[in-house]
Number of protein chains: 2
Amino acid sequence: MTANPRLFSFIGGDAGEWEVTGETVVQGNPLPPVSHLSVRAGDIANVVDGSGAWTLKGVTSNTRYVTREEKSELMSVEPTLGRTTATFAAMIPMRKNAEWWSLTQEDRRDIFQRSGHHSIGLQTLPAIARRLHHCRDLASMEPFDFITWFEFAPEHSSVFDELISALRETEEWQYVDREYEIRLSSVPKDPTDPTDP
Amino acid sequence: MTANPRLFSFIGGDAGEWEVTGETVVQGNPLPPVSHLSVRAGDIANVVDGSGAWTLKGVTSNTRYVTREEKSELMSVEPTLGRTTATFAAMIPMRKNAEWWSLTQEDRRDIFQRSGHHSIGLQTLPAIARRLHHCRDLASMEPFDFITWFEFAPEHSSVFDELISALRETEEWQYVDREYEIRLSSVPKDPTDPTDP
């Protein structure tokens, strides 16, 4: 199988470029605890080496709710992933309930807007880099609908904390029925490691 | 892998419950010609018996463009698949171009509305049963973004012909860069076939 070029795999296990520093069971069942995480473009079949306790995957996709104006606003301030200063990260897989998915697009958009989802997120830019992955329409049955990946500098941890608390207070989050949060710190590369290119 | 319960597989080959009666290369490359088609819930790995020349798959999903009013209008008149009178079918895989996918939701919704997509479809109800499958956000790289499956009685073939010609004239279809159409007729079940339960 050739992988979707927008597919990313998240591999939790005992090795990886990110070390787990904390976990929060926000709602519903947690994932089995792991000490490390790897994030890879492409399908997990190509990368898992036996150290993975679990793998989740998702694809980036077209925007669903932001308006034209909001989209250009975002694009002008959004930072990219992989900044050398962004040594902290968070992975938040979540699922929304059946009621949410039975709503029409405009119902969902109205809730998104009333909840201030865009404006709450905008306040964290350019400190917090973010990538949203969709899991709901994969061929496999997935435990979550979305995986959001965040990267930021240690000094912006409080900005991130405020972001997620604010979102969890919104009307939109009343439709969330499973959410798990993993906080991470990047593992320094060993300059003497001969396997590191 | 446990399959997404909304996943369907379309298997083109030399056997299947639908016999191919015609094909139209609407735009872009066609699929390899086959004489028969099977449609199965679930993943192809469980059903392919070596007679499949190609397989496509897609998942049904939440609605993307219809309004609240349009959705209830549809639900009140939409026929179900599998009617015994609906012995004709059509499978139309299609892809939209990068420009379409870079538009915001409201841009796409505006084009959908200006194109009369909903009202054109509504005129064919309850004659034409339809199921839309999404392929763009699967983990595998797929040749099409959507597969639409239609079922109707032979006497409604002209209704179906008018539907697809009307849609292909719209602004929305200017964003379609690959489209293939397969027309089908159901294979009568042999009542003496001992393998048929």
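Residues numbered from 1 in each chain as written. Chains lettered and ligands numbered in written order. Predicted model: local features only at pLDDT ≥ 70, side-chain atom pairs only at ≥ 80, totals over all residues. Heavy atoms only, no water.

Quick look at the overall build of chain A
Of the regular secondary structure elements, chain A holds 5 helices and 8 strands. In sequence order, chain A lays out its α and β elements as β-β-β-β-α-β-α-α-α-β-β-α-β. Here the C-alpha atoms of chain A give a radius of gyration of 17 Å, agreeing with the 16 Å that 2.2 N^0.38 yields for 197 residues. For chain A, the proportion of its 197 residues judged to be buried stands at 51%. For chain A, long-range pairs separated by at least 24 residues make up 79% of all intrachain contacts whose partners lie at least 6 apart in sequence. The average position of the 19 basic charges and that of the 30 acidic charges among the side chains of chain A differ by 6 Å. (Helix = DSSP H or I, 4+ residues; strand = E, 2+ residues; numbered from the N terminus. Rg over C-alpha atoms; globule rule 2.2 N^0.38 Å. Buried < 20%, exposed > 50% of the residue type's maximum accessible area, 1.4 Å probe, protein only. Contact = heavy atoms within 4.5 Å. Lys, Arg positive; Asp, Glu negative; His and termini not counted. Charge placed at Lys NZ, Arg CZ, Asp CG, Glu CD.)

So, helix H1 (residues 68–77) of chain B
Residues that lie three or four places apart on an α-helix share one face, since the helix turns once every 3.6 residues. Residue and element names in this part refer to chain B. Buried within H1 are the following residues: Glu70, Lys71 and Leu74. With its buried residues spanning 100 degrees around the axis, H1 presents them on a single face. The exposed set on the far side of H1, more than 90 degrees from its buried face, consists of Glu69 and Ser76. (Arc of directions from axis to C-beta.)

Let's talk about the confidence of the model for chain A
The predicted model of chain A has a mean per-residue pLDDT of 92, with 93% of residues at 70 or higher. Per the prediction output, this complex has pTM 0.92; the corresponding ipTM is 0.90. (pLDDT = per-residue confidence, 0-100.)

Section: empty space enclosed by the protein
All names here are of chain A. Scanning all chains against the criterion turns up 1 cavity of 30 Å³ or more. For the largest cavity, the calculated volume is near 80 Å³. What lines the largest cavity is a set of 13 residues, among which Arg64, Trp101, His134, Arg136 and Asp137 lie closest to the centre. Taken together, the residues of the lining of the largest cavity break down into 4 nonpolar, 3 polar and 6 charged. (1 Å grid on protein atoms, 1.4 Å probe; cavity = no way out; pocket = protein on both sides within 12 Å on 5 of 7 lines; lining within 4 Å. Points joined across faces, edges and corners; volume = space filled by probe spheres on them. Nonpolar A, V, L, I, M, F, W, Y, C, P; charged D, E, K, R; others polar.)

Section: the relation of the copies chain A and chain B
Overlay of chain A on chain B (RMSD 0.0 Å): rotation 180 degrees, translation along the axis 0.0 Å. Look at the turn and shift together and you get a two-fold axis relating the two. Among all residues of chain A, the one whose C-alpha sits closest to the rotation axis is Leu138(A), at a distance of 2.2 Å. Most of the interface of chain A is mirrored in chain B, where 100% of its interface residues are also at the interface. (Least-squares fit on C-alpha atoms with pLDDT ≥ 70 in both.)

Describing the side chain of Lys96(B)
Structurally, Lys96(B) can be placed in strand S5 (residues 88–96). Those residues within four positions of Lys96(B) in sequence are excluded, and the remaining contacts are Trp101(B), Asp145(B), Phe146(B), Glu172(B), Tyr175(B), Val176(B) and Asp177(B).

Considering the environment of Ala98(B)
Residues and elements named next belong to chain B. Turning to its location among the elements, Ala98 is positioned in helix H2 (residues 98–102). For Ala98, a relative accessible area of 63% corresponds to the exposed category. Along the chain, Ala98 and Asp177 lie 79 residues apart, while their C-alpha atoms are 9.3 Å from each other.

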